[in-house]
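Below, each chain spelled out in residue letters.
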Amino acid sequence: MDLSVLQVFVEVMRQGSFAAVARDRNVDPSSVSRAIASLEQELGVRLLQRTTRRLAPTEAGLAYFERIEPLIEEMQQAIAIAADTSGQPRGQLRVTTSVAFGHQCIVPLLPEFQALYPDLTVNLLLTDTVVNLLAEGIDVALRLGRLADSTLMAQKLMETRYSVCASPQYLKHWGHPNDPHEVSQHNCLLFPLTGFRSSWRFRARDGQETVVPVQGRTLISSGLALQDCAIAGMGLALLPHWLTDTALKTGTLVNVLPDYDITGTDFRTGAWIVYPSRRYLPLKVNAWIDFLKQHRRFNPGAGGTG
């Protein structure tokens, strides 16, 4: 039985869509449909019920998937192990992260990484949607915030620090808040995430915490756009250090309350390297993880990479 056809079936079951699998494989959806039809013909049973609105597994399809999925995982693992015997990372590395973090922190590192590993192709998916790594066939994700409990493996890449920022022009026109409570009197640029859009948390050096309600006329789902709006003088913005370091150094943004630790939800936040829980971690994934953790962009004390 053709392994590639079985892999297509497993991907369709995970994603629930011919079109999604076709996009991932860069093929026409009709070729995915033909692969499933040929598998059904070979097995002599219908695996999927197709309508114009939805795709659903039959009882036989579900039973077959439950037995075949772990076998496909084992086969893919065996292929990775065999490929890794060359000692050089090769093949395709699929990585996902948020748009802002990817644009600011990951894309600038790609030329260096690909120069180190010329036999490796990087497929970088930038999205603010939390991607199902197994369903989408992702090797590794970079996620921000406090890590949720899951069956995935994770390593912390770095801590995340936030600051309330504004342009010099805004502060000159509207005044400089000298206390967290004064922030509520200003127009704030808001991010549509629970905790970031309604109140910000401030922690003084003595550990005392203050929750300040915030309001504003601009709500944007992109950290990059929020920073642009702050630089344009539209208001105060709560932004992570990895996004604002350059703007703060050049003076296009000002850290309004530098004596406070600030967050929207939780002070225990960071950037995490997340990957599926597998017994064998492919060489290409190990190479990517080591590259990031040793790079001075995330590890200022590193002396080699970067």
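Scroll up to find the structure this text is about.
Keep in mind that this is a model prediction, so the values were computed, not measured.

J.: I'd like a description of the pattern of salt bridges, backed by residues and values.
T.: If you walk through the whole model with that rule in mind, you get 11 salt bridges. The residue Glu73 makes a salt bridge to Arg14 at a minimum N-O spacing of 2.5 Å. Highlighted residues: Glu73 in helix H4 (residues 59–84) and Arg14 in helix H1 (residues 3–15), separated in sequence by 59 residues. The partly exposed category is assigned to Arg14, whose relative accessible area is 22%. Close ionic contact of Arg90 with Asp119 constitutes a salt bridge, the shortest N to O distance being 3.8 Å. Taken together, the residues span a long stretch of sequence, with Arg90 in the loop between H4 and strand E3 (91–97) and Asp119 in the loop between helix H6 (110–116) and strand E4 (120–126) at a distance of 29 residues. In this structure Asp119 comes out as partly exposed when scored by relative accessible area, which is 41%. Linked by salt bridges that have partners in common, Arg14, Glu69 and Glu73 make up one network.

J.: Can you tell me about the packing of H1 against helix H2 (residues 18–25), naming the residues and giving the values?
T.: The packing of two helices is summarised by the inter-axis angle and the distance between the axes. Remark: H1 packs on H2, axes separated minimally by 8 Å, with the N-to-C direction vectors making an angle of 125°. With respect to each other, H1 and H2 are oriented oblique. By crossing handedness, the relation of H1 to H2 is classed as right-handed. Contacts between H1 and H2 involve Ser4, Gln7, Val8, Glu11, Val12 and Gln15 on the former and, on the latter, Phe18, Ala20, Val21, Asp24 and Arg25. Across the contact of H1 with H2, the residue classes tally to 5 nonpolar, 3 polar and 3 charged.

J.: An account of the side chain of Asp139 is requested, with residue identities and associated values reported.
T.: In this structure, Asp139 sits in the loop between helix H7 (133–136) and strand E5 (140–145). Within the structure, Asp139 has its side chain in polar contact with the backbone nitrogen of Arg94 (distance 2.8 Å).

J.: Provide a residue-level description of H4, including the pertinent values.
T.: For H4, with 26 residues, the first-to-last C-alpha span of 38 Å sits near the 38 Å given by 1.5 Å per residue. Of the residues making up H4, those classed as buried are Gly61, Tyr64, Phe65, Ile68, Ile72, Gln77, Ala80 and Asp84.

J.: Which residues make up the nonpolar core, and what are the values?
T.: Soluble, globular proteins show a tendency: their nonpolar side chains are buried together. Counting residues in hydrophobic clusters, the biggest one holds 37 residues, and the most contacted among them are Phe101, Trp288, Leu292 and Phe298. The biggest single contributor to this core is helix H12 (residues 283–294), with 5 residues. Aside from chain neighbours lying at most four places away, what touches Trp288 is Leu93, Val95, Ile106, Leu110, Phe113, Val140 and Leu142.

J.: Just give me the short version of the pairing of strand E12 (residues 236–240), but keep the residues and values in it.
T.: Counted residue by residue, E12 has 5 buried out of 5 residues, so it is predominantly covered. Residues Leu236, Leu238 and Pro240 point to one face of E12 and Ala237 and Leu239 to the other, with burial holding for every one of them. By the bridge criterion, 4 bridges tie strand E7 (residues 162–166) to E12 in an arrangement that is antiparallel. Each bridged residue has a counterpart across the sheet, and for Tyr162 the counterpart in E12 is Pro240. Relative to E12, strand E8 (residues 187–190) is paired through 2 bridges, and the arrangement is parallel. Across the sheet, residue Cys188 finds its bridge partner in E12, namely Leu236.

J.: Kindly report on the packing of aromatic side chains, identifying the contributing residues and their values.
T.: Tallied over the full model, the rule gives 12 aromatic pairs. Where Phe202 meets Tyr260, the ring centres are 6.2 Å apart and the plane angle is 85°; that geometry is what we call edge-to-face. Note that Phe202 is positioned in strand E9 (residues 199–203) and Tyr260 in the loop between strand E13 (254–255) and strand E14 (261–263), a separation of 58 residues in sequence. The rings of Phe113, Tyr117, Trp288 and Phe291 are connected pair by pair, giving a single aromatic cluster. Here Arg203 stacks its cationic end above the ring of Phe267, 4.1 Å away from the centre of that ring.

Rules and cut-offs
- Residues numbered from 1 in each chain as written.
- Predicted model: local features only at pLDDT ≥ 70, side-chain atom pairs only at ≥ 80, totals over all residues.
- Heavy atoms only, no water.
- Salt bridge = Lys/Arg side-chain N within 4 Å of Asp/Glu carboxyl O.
- Helix = DSSP H or I, 4+ residues; strand = E, 2+ residues; numbered from the N terminus.
- Buried < 20%, exposed > 50% of the residue type's maximum accessible area, 1.4 Å probe, protein only.
- Axes fitted to C-alpha atoms, helices over the stretch in contact; angles between N-to-C directions.
- Parallel < 35°, antiparallel > 145°, perpendicular 65-115°, else oblique.
- Left-handed = near helix turned anticlockwise from the far one by under 90°.
- Contact = heavy atoms within 4.5 Å.
- Nonpolar A, V, L, I, M, F, W, Y, C, P; charged D, E, K, R; others polar.
- Polar contact = N/O pair within 3.5 Å; in protein donor to acceptor, adjacent residues only side chain to side chain.
- Expected span 1.5 Å × (residues − 1).
- Core = buried A, V, L, I, M, F, W, Y, C linked by side-chain atoms within 4.5 Å.
- Pairing = 2+ DSSP bridges.
- Phe/Tyr/Trp six-rings, centres within 6.5 Å; stacked < 30°, edge-to-face > 60°.
- Lys NZ or Arg CZ within 6 Å of the ring centre and 35° of its normal.

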